[in-house]
Amino acid sequence: MATTEQSFVNKLWDFFCSLKLTLFLLFSLALTSIIGTILPQGAIPPEYIAEISPTKFQIYSKLGFFDMYHSWWFITLLYVFSLNLVCCSIKRLPHVFKFISEPTLVLGEGTRNSHPLKKELKYSASIEKGKERLVQFLHKEFSAPVITELNNEFHLFAQKTAWCRLGVYVVHFSILVIFVGAIIGSLAGYKGYVAIVEGTSVKSFDGKNGQKMPLGFEVLCEKFNVEFYPTGAPKEFRSILTILENGKPVDGFSKVKVIVNEPLTYKGITFYQSSYGQANEGGAHTITATPRNGGTTEKFVVREGEPKTLKDGTTFAVMEATQEVRPFAPGFSGPAARVQITRKGAEPQVFVVFKNYPDVNAARGDAMVLGYEGTDAKQYTGLQVAKDPGVWVVWLGCALMVIGISVAFFMSHKRVWVVVSNGHIRMYGNASKNQAAFSMQFDELSAKFLELKI
Amino acid sequence: MTSSMLFNVTTFTYLISMIVFFTFLASKNKSLGLTGSFIAYAGFAVQTVAIALRWKESYDMGVGHAPMSNLYESIVFFSWTIILIFAYIDIRYKYRVVGAFVVPFALLGMAWAQLGMNTGIEPLVPALQSNWLLYHVITCFLGYAAFAVACGISIMYLVKAAVEGTDSATPAGGLMSMFPPLRVLDDLNYRAIMIGFPLLTLGIITGAAWANYAWGTYWSWDPKETWSLIVWFVYAAFLHARITKGWVGKRAAWLSVIGFAATIFCYLGVNLFLSGLHSYGSSKM
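Residues numbered from 1 in each chain as written. Chains lettered and ligands numbered in written order. Predicted model: local features only at pLDDT ≥ 70, side-chain atom pairs only at ≥ 80, totals over all residues.

1. What about the overall build of chain B?
At step 1: In terms of regular secondary structure, chain B is built from eight helices and zero strands.
At step 2: Listing each helix as α and each strand as β along chain B from the N terminus yields α-α-α-α-α-α-α-α.
At step 3: Over its C-alpha trace chain B gives a radius of gyration of 20 Å, about what one expects of a compact globule, namely 19 Å for 285 residues.
At step 4: Its C-alpha atoms put chain B at 60 × 45 × 30 Å along the principal axes.
At step 5: Counting the 285 residues in chain B, one finds 51% classified as buried.
At step 6: Within chain B, residue pairs in contact and separated by at least 24 positions form 79% of the contacts whose partners lie at least 6 positions apart. (Helix = DSSP H or I, 4+ residues; strand = E, 2+ residues; numbered from the N terminus. Rg over C-alpha atoms; globule rule 2.2 N^0.38 Å. Buried ≥ 20, exposed ≤ 12 C-beta atoms within 10 Å, placed from the backbone. Contact = placed C-beta atoms within 7 Å.)

2. Some remarks on the overall build of chain A
At step 1: Along its length, chain A carries 11 helices and 21 strands.
At step 2: Relative to the 2.2 N^0.38 estimate, which gives 22 Å for 454 residues, the radius of gyration of chain A is 38 Å and therefore markedly larger than a compact globule would have.
At step 3: In terms of overall dimensions, chain A has a C-alpha envelope of 125 × 65 × 50 Å along the principal axes.
At step 4: When each of the 454 residues of chain A is scored for burial, the buried share is 25%.

3. Considering the environment of Ile83(B)
All names here are of chain B.
At step 1: Here Ile 83 lies in helix H3 (residues 71-93).
At step 2: A count of 29 C-beta atoms within 10 Å places Ile 83 in the buried class.
At step 3: When the C-alpha positions of Ile 83 and Ser 37 are compared, they lie 9.8 Å apart, and in sequence the two are 46 residues distant.
At step 4: Apart from the residues lying within four places of it in its own chain, the contact partners of Ile 83 are Ala 40, Gly 43, Phe 44 and Ala 106.

4. Some remarks on the sheet that holds strand S3 (residues 153-160) of chain A
Backbone hydrogen bonds are what pair the strands of a sheet, in a parallel or an antiparallel way.
Residue and element names in this part refer to chain A.
At step 1: Reading across the sheet, the five strands line up as S1-S21-S20-S3-S2 and stay open at both edges, with antiparallel pairing between neighbours. Across the chains shown, the open sheet's two edge strands, defined by having one partner strand only, are strand S1 (117-122) and strand S2 (146-150). Here the average twist between neighbouring strands, direction ignored, is 15 degrees.
At step 2: Relative to the sheet, helix H7 (residues 127-141) contacts S2, S3, strand S20 (414-420) and strand S21 (424-431), its axis offset from that of S20 by approximately 165 degrees. (Pairing = 2+ DSSP bridges. Axes fitted to C-alpha atoms, helices over the stretch in contact; angles between N-to-C directions.)

5. What about the packing of helix H1 (residues 3-27) of chain B against helix H2 (residues 30-60) of chain B?
Residues and elements named next belong to chain B.
At step 1: Put simply, H1 and H2 touch, their axes get as near as 8 Å, and they point 165 degrees apart. When the interaxial angle is binned, H1 and H2 end up roughly antiparallel. Our pair here, H1 against H2, has a crossing hand that is left-handed.
At step 2: Among the residues forming the contact of H1 with H2, the class breakdown is 16 nonpolar, 11 polar and two charged. (Parallel < 35°, antiparallel > 145°, perpendicular 65-115°, else oblique. Left-handed = near helix turned anticlockwise from the far one by under 90°. Nonpolar A, V, L, I, M, F, W, Y, C, P; charged D, E, K, R; others polar.)

6. Details of the interface of chain B and chain A
At step 1: Taken together, the contact pairs 37 residues of chain B with 39 residues of chain A.
At step 2: Put simply, the parts of the chain that give the side of chain B that touches chain A at least two residues each are helix H6 (182-215) and helix H7 (223-242) of chain B.
At step 3: The residue makeup of the side of chain B that touches chain A, split by class, is 26 nonpolar, 10 polar and one charged.

7. Focus: the packing of helix H10 (residues 391-410) of chain A against H6(B)
At step 1: It is at 10 Å that the axes of H10(A) and H6(B) come closest, and there the two elements cross at 165 degrees. Classified by the angle their axes make, H10(A) and H6(B) are roughly antiparallel. Between H10(A) and H6(B) the crossing geometry is left-handed. Touching Val391(A), Cys398(A), Met401(A), Val402(A), Ile405(A), Ser406(A) and Phe409(A) of H10(A) are Met194(B), Pro198(B), Thr201(B), Leu202(B), Ile205(B) and Asn212(B), all from H6(B).
At step 2: Here the contact of H10(A) with H6(B) is built from residues that sort into 10 nonpolar, three polar and no charged.

8. Comments concerning the domain arrangement of chain A
At step 1: Partitioning chain A into structural domains gives domain 1 (2-85), domain 2 (103-159 + 412-450), domain 3 (162-183 + 390-411), domain 4 (186-280 + 380-389) and domain 5 (284-374).
At step 2: Taken together, the contacts link four residues of domain 3 of chain A with six residues of domain 4 of chain A. (Domains from an automatic or database assignment.)

9. Notes on the sheet that holds strand S17 (residues 349-354) of chain A
All names here are of chain A.
At step 1: Pairing in this open sheet of four strands is antiparallel, and the strands run S14-S15-S16-S17 from one edge to the other. Across the chains shown, the open sheet's two edge strands, defined by having one partner strand only, are strand S14 (308-309) and S17.
At step 2: Relative to strand S16 (residues 336-342), strand S15 (residues 315-322) is paired through seven bridges, and the arrangement is antiparallel. Following the sheet pairing, Ala 317 is matched in S16 by Gln 340.

10. Topic: helix H8 (residues 167-188) of chain A
At step 1: Across its 22 residues, H8(A) extends 31 Å between first and last C-alpha, which sits within 8% of the 32 Å expected from 1.5 Å per residue.
At step 2: Among the residues of H8(A), those classed as buried are Gly167(A), Val168(A), Val171(A), His172(A), Ser174(A), Ile178(A), Gly181(A), Ala182(A) and Gly185(A). (Expected span 1.5 Å × (residues − 1).)

11. A few points about the nonpolar core
At step 1: Counting residues in each nonpolar core, the largest one holds 99 residues, and the members touching the most others are Ile82(B), Ala145(B), Ala146(B), Ala148(B), Val149(B), Ile153(B) and Val234(B).
At step 2: No other element matches helix H5 (residues 132-165) of chain B, which puts 15 residues into this core.
At step 3: Counting contributing residues per domain, this core is built from domain 1 (2-85) and domain 3 (162-183 + 390-411) of chain A, each supplying no fewer than three.
At step 4: The contact partners of Ala148(B), leaving out residues within four places of it in the chain, are Ile82(B), Val102(B), Phe105(B) and Phe260(B). (Core = buried A, V, L, I, M, F, W, Y, C linked by C-beta atoms within 7 Å.)

12. Things to note about unusual backbone geometry
At step 1: Positive phi is not limited to glycine here, since Asn261(A) has a value of about 75 degrees.
At step 2: One can find Asn261(A) in the loop between strand S9 (256-259) and strand S10 (264-266).
At step 3: For Lys28(B), which is not glycine, the phi dihedral falls at a positive 60 degrees.
At step 4: Residue placement: Lys28(B) occurs in the loop between H1 and H2.
At step 5: Lys28(B) sits in the partly exposed class, given 14 other C-beta atoms within 10 Å.

13. Observations regarding the pairing of S20(A)
Residue and element names in this part refer to chain A.
At step 1: Counting buried residues in S20 gives seven out of seven residues, a clear majority hidden from the surface.
At step 2: Every second residue of S20 is oriented toward a common face, with Lys 414, Val 416, Val 418 and Val 420 on one face and Arg 415, Trp 417 and Val 419 on the other, all of them buried.
At step 3: Here S3 runs beside S20; their pairing, made up of seven bridges, is antiparallel. Bridge pairing in S20 places His 155 opposite Val 419.
At step 4: With seven bridges connecting them, S20 and S21 associate as antiparallel partners.

14. Focus on the pairing of S16(A)
Residues and elements named next belong to chain A.
At step 1: As paired elements, S16 and S17 share six bridges and run antiparallel to each other. Note that in S17 the partner of Ile 341 across the bridge is Gln 349.
At step 2: Count of turn residues in the S16/S17 antiparallel hairpin: six residues, of which Gly 345 carries a positive phi of about 75 degrees.

15. Some words on helix H11 (residues 435-450) of chain A
All names here are of chain A.
At step 1: Here H11 contains 16 residues, and its C-alpha end-to-end distance of 21 Å stays within 8% of the 22 Å for a straight helix at 1.5 Å per residue.
At step 2: Considered for burial, the residues of H11 that qualify are Phe 438, Phe 442, Leu 445 and Phe 449. With its buried residues spanning 60 degrees around the axis, H11 presents them on a single face. Among the exposed residues of H11, those pointing more than 90 degrees away from its buried face are Ala 436, Met 440, Asp 443, Glu 444, Ala 447 and Leu 450.
At step 3: Among the structural elements, S1, H7, S20 and S21 are those in contact with the buried residues of H11. (Arc of directions from axis to C-beta.)

16. Section: the environment of Ala377(A)
At step 1: Examined against the element boundaries, Ala377(A) turns out to sit in the loop between strand S18 (368-375) and strand S19 (379-387).
At step 2: Considering only alpha carbons, one finds Ala377(A) and Ala43(A), 334 residues apart in sequence, at a separation of 31 Å.

17. Some points on the confidence of the model for chain B
All names here are of chain B.
At step 1: Across chain B, pLDDT averages 88, with 92% of residues at or above 70.
At step 2: When the criterion is pLDDT under 50, residues 279-285 qualifies, and its contacts beyond four places in sequence or with other chains add up to 21 contacts.
At step 3: Under the prediction, the complex receives an ipTM of 0.89, its pTM being 0.86. (pLDDT = per-residue confidence, 0-100.)

Encoded structure:
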């Protein structure tokens, strides 16, 4: 009974240590990850639900396909992946440590003959002299050797960068560190969103499920601005923020510029520029009406969609308005409104009136020239709010990964053995990888070796 | 002289280089192989000047930024990196014929960019106004380029293996005698991926760092991010498969081809078929 249990445990251990499992997991992670790039994730748009059959929708939902990177089976894959990493490392690390701490000091006869890199030197001095000379040589040209005397021969062993065999394990470990960082972030961090209207401040933000979460301080949006390129493409989204504690601006956090790619961090909470919009949709717009043949300009303050009738019976309404028309009408800038005009007994007409271009407004040739003066509606700035205490652990993991990969890919464990016998000395070389580069290095070493006068 | 003219010269030079490489294959004239490489290097030199010039032109227009901001600029840069990695492999290992299978990738990129794309210099949208753009794009595309070279080498392997496979006792003569031995091709494939994998890793990390800096999330399972991870998984599998028995040779070559297909999907497919944060040059915040 005990033996079968033992063998079961052994089998389980071997299973989690196996490279086949590693390959299976890497391919499974790669293949399943595709699902989440094709199906919508998180909030599913209603058009999508209408598009697919209810059965399909139910099956996908049951399988967690609509939030697949957090589904139980994907997380399980990641856990098994981590377990596989840990087991492989536990199994192989002792061997590697042993390999580094107890190197093969004496090359066996068999391995010697099959070595691709070898050189032989004849000499006439005593074997003691030969050994001393070679120790000196290796010390100077390669690295300090370890000397073993065996069967009237001296075996010299020298090595370089033996520790680079650990590079692979540093990479494996770094993946675990990144996972730990991600877990810390998901447990102790949060993400949210807050919209602040110009001139107002907030003390809380909307958390993941829309619930209000306190910030612990106050954020005031002094101003929000969008700048455009002449082509109409946006150039800069800029919020000017001030942090308030007990209603007073905090030193160094007053009127801070926040743009995309330049967030603001206060007390571990970071604010990222993410969106903007018109605050009160019902804000009032000012429209001017000037008779073409001269006369006083009349001002009308109207809300969007609200019709207004002029003295001559013409009716107009503001359909929509923007405080920066450039993205919609390249070549123009500043506020503009789309207005619908219905002259008495005529079909309604829609056109755009500008604040900065009275000539354009007048060019339409109507008896009543309309203009736009802007709105009292304020803009709001939309900010992502995030706190992630695990992020530094993630960066530590990334740094370890880069270091580990550099070591594992670009460095090699180089070893040189020298056997000093009576009358002749033989030198052997080996590198853990990139033999081609090492063989050139070995050739250089050999050239100096063969010139030794002993 | 404008960068656009020089890019046309580049495209033409790569075309000549490819034709010379093909003639080299057919004629087995050694000096043609060397000529093919040199023409490719000449094209590379012109392209380098052209990229620098386009960079300068953007500053002259008052919208100065590194020329890596939209699909056109990225594909031009991609073909530049492909020739760069090819030059490294070519100078280091001197198997000229590899050029016949790698230069066409660079040519294809340039031809598509020059003939089918809007080549205008556009100002940078706010999301791209960061130094991370440079680090992220350079590392990613050098990685992609190494995978392109590995894919070209793997195609050579598969072609040679298919021709020789029928009677493997005698190495095939004719065209196949120009190819390096299968063992060498397998090794070159591995070496190219050894260059690409660290660069892709750096590319993903710089992308994560940038995303965290700009949006507050280093990883959001955006399709582009996910596909870059899929590519990473495939090549990680390739590297681990090599140390198990039976995964060198044909299977490794196929894995390399699949890896590059995934890379191309990550680069182009995601933008064409899926939605996400990397819609080149669109006015995302």
